[in-house]
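# Structural features, examined
Residue strings, one per chain:
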Amino acid sequence: MTATEQRLEAEFELGFTYSRSLGPVIGTCFAAFAQKRFLGMRRSDGSVLFPPLEYDPDTAEALSEWVELGSSGVVEGFCWVKQPREKHGELAPFAWALIKLDGADTPFLHKLRVGEEQSVHVGLRVKPVWVAEPLGDITDIAAFVPAAEELTS
Amino acid sequence: MRDVAVVSYAQSPAQRDAGGTTDVEMLVPVIDRALADAQLTRKEIDFICSGSCDYLAGGAFSFVMAVDALGATPSAQESHVEMDAAWALYEAWLKFQCGEIDVALIYGFGKSAPGDLPDVLSLQLDPYYTQPLWPDSISLAAIQAQMALAKGCFTERDMAEVVAASRRNAIHNPAAQLKGEFDVSDLLKEETFVSPLRKHDCCPITDGCSVLILASAEKARALCERPVWLRGINHRMESHFLGTRDLTTSTSTMKAAETLKLDGDKLDVAELYAPFSHQQLILQQSLKLTDNTRVNPSGGALAGHVLMAAGLDRFGAAAREIWSGRADRALAHATSGPCLQQNMLAILEGA
C-alpha cells in the first residue's frame, strides 16, 4: 500500500461543538421548565430577575435566592416580523417580544404568535405554549400566545 | 498620558458585494495608500492591530490570513481583536501608553455579503437564554425602536430625517455606498420591514476595509501637517441581557461621556456609529448634542457599513474633518453588540 492510497478524512462542523454544563443557576431554571414552572432570582434591592443570572448585572454580587414566578406575563416591547427568517422556525408572521412574567421585574425575549400586527401592544397578557417533551432549554417554550387564547401546541 | 495622534487614514469603497476579492486583496491597496499618505514604509511600523470577525469568513483564525497583506518581514508586534477595529485602535493606544511603540497601523475588514449577516450577528447573543431562538440583529433593533417610539423619545419622522441627512452628507463621501437626495415624506411612505423599522432605517450590507495610522507626539509632528490628537478615550459596556437594560437610552455612552467630561455642546463634529437610524437619535440624546455639532458628515454607518471597520471609520471620518480644517474638535464613537450594548467614545482635536 502506498501513502497516496490512504487519505485522511475528518468530519467538520462549523459551530460551537463543545458540550458544556449549564451550572447551578441556568440549570435550575431550565430543570423547572420540565414542570412548566418559571423561577426567578432575587437581587439585593428586592427586585426579581428573569431569566435568573448567577451575578447581579449592576453590582456583580453573587445571587442565590430563588423566587417562584407566575405562569404568564405581559408584553413590554415588541417588533413585528412580516417575513420570518428560516432560522426563526415560524411559518407565519409573528412578533418578537420582551415579556415580563408575573412576579419578575425584568422582561426576557421570546416569540409571540399572534394573528396580526395590530393585535400586539404593550401590556398585552401572554402565556407560554410548552413543547410536548421539554429538554431543558429556552426552546421548551415554543412561543407565547395571547393569554385569552386556548393553548395550542 | 502619552500624546498620540491619528496621522493617516484610508478606506476601500463600501461595496454591496466584493465578489471573489479576498480580504488580503481588499487590504493591500488601502494599506499602501495609508502608508503613502503619511510617507511611511512598512519597516517603520512598530505595532499592527486588526479587528475582524471569524464568523464572517466562516473559519476559526481566518484573521491570520489577512496578516499577509502586511508581509511577514520585517517582524513586528501584531495583535487582533474579535471586535470592530475601533477596539484594535484602543489596544494600540494602550500600547502607546505603556511606552512600547511609536507608530501603529490599525486595520479592520469584513465581507458580510457571502453570509447572512442578521443571522450571523445572532451568534453574539447569550448562548443559553437568547441565541437558541435565533433573534436576528434587525429584529432586536426593531424592539428597541418600538420602545423608544412608544416612550416618545422621537418620532418615525425623526428617524427618516436621520436617513435623509445621512444620504445627503454621503454625496460628498466617495467611499459611501448609499447616497443622494431623499424626501423625508417619501421615505415615510415606504412600508415597514421589521416593524417599526423600514429598510432604510437599517444599515446596508457592505464589504470593505479601512486602515488608520497612529503615532506618538514626536513622530506625529514629523509625519503629519496637522496631527489629530487623541485627547481621551473610554469604553463602557452594558449587560448581555436585553431585559436588564433600558433600551431607550444609552447608559454606557452616558458613562463614557461622564468619564471623559465631555461637553456635548462643544463639539464641531460627531461621527456616531449607529447601524440603525433610531440608534443615532438615542446616541445624540445620550450625548446631549446640540445644533452646534454636525453629526456624521461622512454619512455614517447608514451610508456604508463594513462590519468590524465601521467603528474605526468614525475615527477616520472625524480625523478627516479636522485635517480639512472644517473642525477643530470632534467626537468619534464606536458601538458593538445588540442594541448599542457596548460603546466607545474618543475626543479628537486639531491642536
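Reading the values: rules and limits
- Residues numbered from 1 in each chain as written.
- Chains lettered and ligands numbered in written order.
- Predicted model: local features only at pLDDT ≥ 70, side-chain atom pairs only at ≥ 80, totals over all residues.
- Heavy atoms only, no water.
- Salt bridge = Lys/Arg side-chain N within 4 Å of Asp/Glu carboxyl O.
- Helix = DSSP H or I, 4+ residues; strand = E, 2+ residues; numbered from the N terminus.
- Buried < 20%, exposed > 50% of the residue type's maximum accessible area, 1.4 Å probe, protein only.
- Contact = heavy atoms within 4.5 Å.
- 1 Å grid on protein atoms, 1.4 Å probe; cavity = no way out; pocket = protein on both sides within 12 Å on 5 of 7 lines; lining within 4 Å.
- Points joined across faces, edges and corners; volume = space filled by probe spheres on them.
- Nonpolar A, V, L, I, M, F, W, Y, C, P; charged D, E, K, R; others polar.
- Buried area = accessible area lost by both parts, 1.4 Å probe.
- Polar contact = N/O pair within 3.5 Å; in protein donor to acceptor, adjacent residues only side chain to side chain.

## Some points on the pattern of salt bridges
Residue and element names in this part refer to chain B. Applying the stated criterion across every chain, the model contains 27 salt bridges over all chains. Its salt-bridge partner being R2, residue D102 comes within 2.6 Å of it at the nearest N-O pair. Within this pair, whereas D102 is found in the loop between helix 4 (85-97) and strand 4 (103-111), its partner R2 is found in the segment before strand 1 (4-11), the two being separated by 100 residues in sequence. The class for R2 is partly exposed, based on a relative accessible area of 26%. A single network of salt bridges, built from pairs that share partners, joins D3, R231, R329 and E349.

## Regarding the environment of A317(B)
Residues and elements named next belong to chain B. Locating A317 in the fold gives a position in helix 12 (residues 310-323). Through-space distance from the C-alpha of A317 to that of L281 is 19 Å; in sequence the pair is 36 residues apart. Ignoring sequence-local partners within four residues, the contact set of A317 consists of Y9, E271 and S298.

## As for empty space enclosed by the protein
Taken as a whole and assessed by the stated rule, the structure comprises one cavity of 30 Å³ or more. Put simply, the largest cavity is a space of about 150 Å³. Surrounding the largest cavity, 18 residues form its lining, P51(A), F108(A), F241(B), L242(B) and G243(B) being those nearest its centre. Its residues assigned to classes, the lining of the largest cavity shows 13 nonpolar, five polar and no charged.

## Some details on the interface of chain A and chain B
Interfaces are often sized by the accessible area lost when the parts come together. Taken together, the 33 residues of chain A in the interface contact 30 residues of chain B. Regarding the contact of chain A and chain B, the summed buried area is about 2800 Å², with carbon and sulfur atoms giving 66% of it. When the buried area of chain A at its contact with chain B is split by residue, R85(A), K87(A) and L109(A) rank highest and sum to 21% of it. Connecting chain A to chain B are three salt bridges. Across the pair R85(A) and D119(B) runs a salt bridge, and its minimum N-O distance is 3.0 Å. Run the count over chain A and chain B and you get 11 residue pairs in polar contact (both at pLDDT 80 or more). Breaking the side of chain A that touches chain B down by element, the ones donating at least two residues are helix 1 (23-33), strand 4 (73-81), strand 5 (94-101) and strand 6 (108-112) of chain A. Considering every element that reaches the side of chain A that touches chain B, the biggest residue donor is strand 4 of chain A, with six residues. By residue class, the composition of the side of chain A that touches chain B is 21 nonpolar, five polar and seven charged.

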